[in-house]
Amino acid sequence: MEQLEFQGIPCGNQDGLYVVYRCENSRSGNYYFLSNDQFRFKLPKSPNVAETVMIGVANPHFLHIISIYSTVSSLKRIIAVDANHEQLIHFNRLCATVLQSSNRIDYLQRLFKVRFNSKAISKLNGVSTSKIDEVRGGVERDPYFLVEKEIWGNLHFDDECFWNTYGLKANVSDSGLLIQADTVGDINTYFATFLCCSRSDYEFWPFTAGYGSGFLQNEITFNRMKEILRTTPLYMLHADLSDIYSDLLLSNRYSPISVWCSNLLCDYFTSKNPALRQIIQVSSTLGTQFEPEFPEIDVVLLQDERTRIMLPKLIDNIKSRFRKWSVHTKNFAKVSNYIRGNKNIEIISVRSWFNADQGKSKLANTKYIMLDDFLVFEGDSTFSSIVVHILQGHGVPTENYEKVLLKAYSMSENLIILEHNRSSKDFVRQKIGVTIDEIRDILGMESFLDFGPGVSCDDRNLIMVYRK
Ligand SMILES: C[S@@+](CC[C@H](N)C(=O)[O-])C[C@H]1O[C@@H](n2cnc3c(N)ncnc32)[C@H](O)[C@@H]1O
């Protein structure tokens, strides 16, 4: 698969998976300052050991979802996608605000452009926290209205700074900021609150920062969020999610993927924009099929609880969810973890694979090259990574194999050899493949040695990585 290019906001910490071109800035003041989605994560019984790719629409609650997900899996990359460019700019601003803030109260002050007095601070410190798996959002009634009101009675709001920062019309009231902005959900007048989400206490819907839940649950979750934003590759893409959805899944197909959909899958949005149904269709197919149908994507859709639609079990946020992968996918997931950079080739010797895949490697940012073409390939090109994909195991003679390895080694700083392991239970009798020592005799000591599983053994394939 070749490197994908998108419009959006280029960020400092990206890992080279995509190219992102900066969009023209827009400023109409029409976006969600805060969220009213509700979320409950069905924590799996055992934490996920593989790194997850988080994709999500860039509404403010996405930060909470990332925080909750990070309690069960480390994150490989985060991809925020929004059809509203200003929403994306706001999401970027929220990330920067988290990073600038020393603690949760400092964050709220910077976000709302307020200064709390000591009474407000003591009220905030006394707020009870939600469960680890929960994000607060719109409900008919919650118990936080009085405390919200007391906090608003004990602060100073800088309306000029708010307008200059957000370009949003906001009036301070005794229990929140009354904001007017056109939104895709047609809730164009709402209250922005620190923690209260109680519809019956307000004239309009409250949209909340969710203080006390998600990344604002406590100082540990807040600091973890800062660490995630500092260290995890982050992409901010301006697009209709349904347009780029398949590409996003395919380019991350060897990692578990979770997708934050907010309330986009409900009838209200899908009848306005029927293309959104493709998110359900593509996930339902790629997220449930199994060998001989590929890809077998491990994808789970996370939705706003208030409008959650039914989904096949394998792609739904349920406790017992377990996505099975065939041996082929498990092996490629291992290989793809060793790939670095965006100019990569995968050397294969089986013409029918090349034809079946229409000449496109399944690995991200990687092109297929047939062995014979590679052997006669001239010029001083180098590649970020070269994957040598089971050649001896498919009958390539030893002298050619040696030539390929030496040539590939000289053309890349990151050579990854995937080969049938002749010492494994799967191949020892038939004498197929190579041994670790045979490869070491050609290239010397590897940087990493790993094994890809078979059906009845864990070391069917050798994965040897040579990194300079
Ligand atoms: C569906 S809206 C709902 C807002 C929500 N109730 C909240 O609490 O923030 C969620 C996000 O989806 C974005 N969005 C709407 N349609 C989209 C689309 N087709 N592709 C990508 N993002 C979209 C909106 O801009 C917004 O940021």
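A few points on the structure. The structure displayed is predicted, hence computed values, not measured ones. (Residues numbered from 1 in each chain as written. Predicted model: local features only at pLDDT ≥ 70, side-chain atom pairs only at ≥ 80, totals over all residues. Heavy atoms only, no water.)

1. Remarks on the side chain of asparagine 36
Alright, step 1. Looking at the element boundaries, asparagine 36 is found in the loop between strand 2 (18–22) and strand 3 (39–40).
Alright, step 2. Classification of asparagine 36 by relative accessible area gives buried; the value is 8%.
Alright, step 3. Side chain to side chain, asparagine 36 and arginine 306 meet in a polar contact 3.1 Å long.
Alright, step 4. Leaving out residues up to four positions away in the same chain, asparagine 36 has contacts with Gly137, Gly138, Ile187, Trp205, Pro206, Phe207 and Arg306. (Helix = DSSP H or I, 4+ residues; strand = E, 2+ residues; numbered from the N terminus. Buried < 20%, exposed > 50% of the residue type's maximum accessible area, 1.4 Å probe, protein only. Polar contact = N/O pair within 3.5 Å; in protein donor to acceptor, adjacent residues only side chain to side chain. Contact = heavy atoms within 4.5 Å.)

2. Quick notes on the packing of helix 14 (residues 398–411) against helix 15 (residues 436–443)
Alright, step 1. Helix 15 packs onto helix 14 with a crossing angle of 55° between their chain directions and a minimal axis gap of 10 Å. Comparing their axes, helix 15 and helix 14 come out oblique. In this structure, helix 14 meets helix 15 at a crossing whose hand is right-handed. Side by side, helix 14 and helix 15 meet where Tyr401, Glu402, Leu405, Leu406 and Tyr409 of the first sit next to Ile439, Ile442 and Leu443 of the second.
Alright, step 2. Looking at the contact of helix 14 with helix 15 residue by residue, the classes come out as 7 nonpolar, no polar and 1 charged. (Axes fitted to C-alpha atoms, helices over the stretch in contact; angles between N-to-C directions. Parallel < 35°, antiparallel > 145°, perpendicular 65-115°, else oblique. Left-handed = near helix turned anticlockwise from the far one by under 90°. Nonpolar A, V, L, I, M, F, W, Y, C, P; charged D, E, K, R; others polar.)

3. Quick word on the nonpolar core
Alright, step 1. Core analysis: the biggest nonpolar cluster contains 107 residues, and Phe33, Ile55, Phe112, Phe116, Phe194 and Leu248 have the highest contact counts within it.
Alright, step 2. In this structure, Ile345, Ile347, Val396 and Leu415 belong to the second largest nonpolar core, which totals 23 residues. (Core = buried A, V, L, I, M, F, W, Y, C linked by side-chain atoms within 4.5 Å.)

4. A closer look at the layout of surface pockets
Alright, step 1. Considered as a void within the structure, the largest pocket measures approximately 1,300 Å³ in volume.
Alright, step 2. The wall of the largest pocket is formed by 49 residues, among which Ala50, Glu51, Ser255, Pro256 and Trp325 lie closest to the centre.
Alright, step 3. Here the lining of the largest pocket gets 5 residues from one element, more than from any other, and that element is helix 11 (residues 327–338).
Alright, step 4. Tallied by class, the residues present in the lining of the largest pocket amount to 19 nonpolar, 13 polar and 17 charged.
Alright, step 5. The volume enclosed by the second largest pocket comes to roughly 650 Å³.
Alright, step 6. In terms of lining, the second largest pocket is formed by 36 residues, of which the most central are Tyr32, Val184, Asn263, Leu264 and Phe269.
Alright, step 7. Of all the elements in the fold, those that place two or more residues in the lining of the second largest pocket are strand 5 (75–82) and helix 9 (267–272).
Alright, step 8. It is helix 9 that provides the largest number of residues to the lining of the second largest pocket, a total of 3 residues.
Alright, step 9. Taken together, the residues of the lining of the second largest pocket sort by class into 17 nonpolar, 12 polar and 7 charged. (1 Å grid on protein atoms, 1.4 Å probe; cavity = no way out; pocket = protein on both sides within 12 Å on 5 of 7 lines; lining within 4 Å. Points joined across faces, edges and corners; volume = space filled by probe spheres on them.)

5. A few points about the packing of helix 2 (residues 85–100) against helix 3 (residues 104–112)
Working note: a packed helix pair is described by the angle between its axes plus the distance between those axes.
Alright, step 1. Their axes nearest at 9 Å, the elements helix 2 and helix 3 cross at an angle of 140°. In terms of orientation, helix 2 and helix 3 fall into the oblique class. Crossing of helix 2 over helix 3 shows right-handed handedness. Taking contact as the criterion, the partners of Leu94, Thr97, Val98 and Gln100 in helix 2 are, on helix 3, Asp106, Tyr107, Arg110 and Leu111.
Alright, step 2. When grouped by side-chain class, the residues that make up the contact of helix 2 with helix 3 number 4 nonpolar, 2 polar and 2 charged.

6. Here's the deal with the pairing of strand 16 (residues 344–348)
Remark: a regular strand shows side chains that alternate across the two faces of the sheet.
Alright, step 1. The buried fraction of strand 16 is high, at 5 of 5 residues.
Alright, step 2. Taking every second residue as pointing to the same face, both faces of strand 16 are buried, with Asn344, Glu346 and Ile348 on one and Ile345 and Ile347 on the other.
Alright, step 3. Of the pairings in the sheet, the one linking strand 16 to strand 17 (residues 366–370) comprises 5 bridges and is parallel in character. Among the inter-strand pairings, isoleucine 347 is bridged to a residue of strand 17, identified as isoleucine 369.
Alright, step 4. Bridge count between strand 16 and strand 18 (residues 385–389): 4 bridges; the pairing is parallel. (Pairing = 2+ DSSP bridges.)

7. Let's talk about empty space enclosed by the protein
Alright, step 1. Inspection of every chain in the model, using the stated rule, returns 3 cavities of 30 Å³ or more.
Alright, step 2. Lining the largest cavity, in full, are Leu34, Pro60, His61, Leu63, His64, Leu94, Tyr107, Leu111, Thr208, Ala209, Phe215 and Leu216.
Alright, step 3. If you list the elements that add at least two residues to the lining of the largest cavity, you get helix 1 (62–69) and helix 3.
Alright, step 4. Tallied by class, the residues present in the lining of the largest cavity amount to 9 nonpolar, 3 polar and no charged.
Alright, step 5. A volume near 50 Å³ is recorded for the second largest cavity.

8. Here we look at the site of the ligand
Alright, step 1. Close to the ligand lie 20 residues; Ser35, Asn36, Asn59, Asp82 and Leu241 are nearest.
Alright, step 2. Note that an oxygen atom of the ligand is positioned 3.0 Å from one of the side-chain N or O atoms of serine 35.
Alright, step 3. Between the ligand and alanine 83, the relevant distance is 3.2 Å, taken from a nitrogen atom to a main-chain nitrogen or oxygen of the residue.
Alright, step 4. A molecule is said to occupy a pocket when more than half its atoms come within 2 Å of that pocket's grid points, and by this definition the ligand occupies the second largest pocket. (Near = heavy atom within 4 Å. Sits in = over half its atoms within 2 Å of the grid points.)

Any functional reading would require information that these geometric values do not contain.
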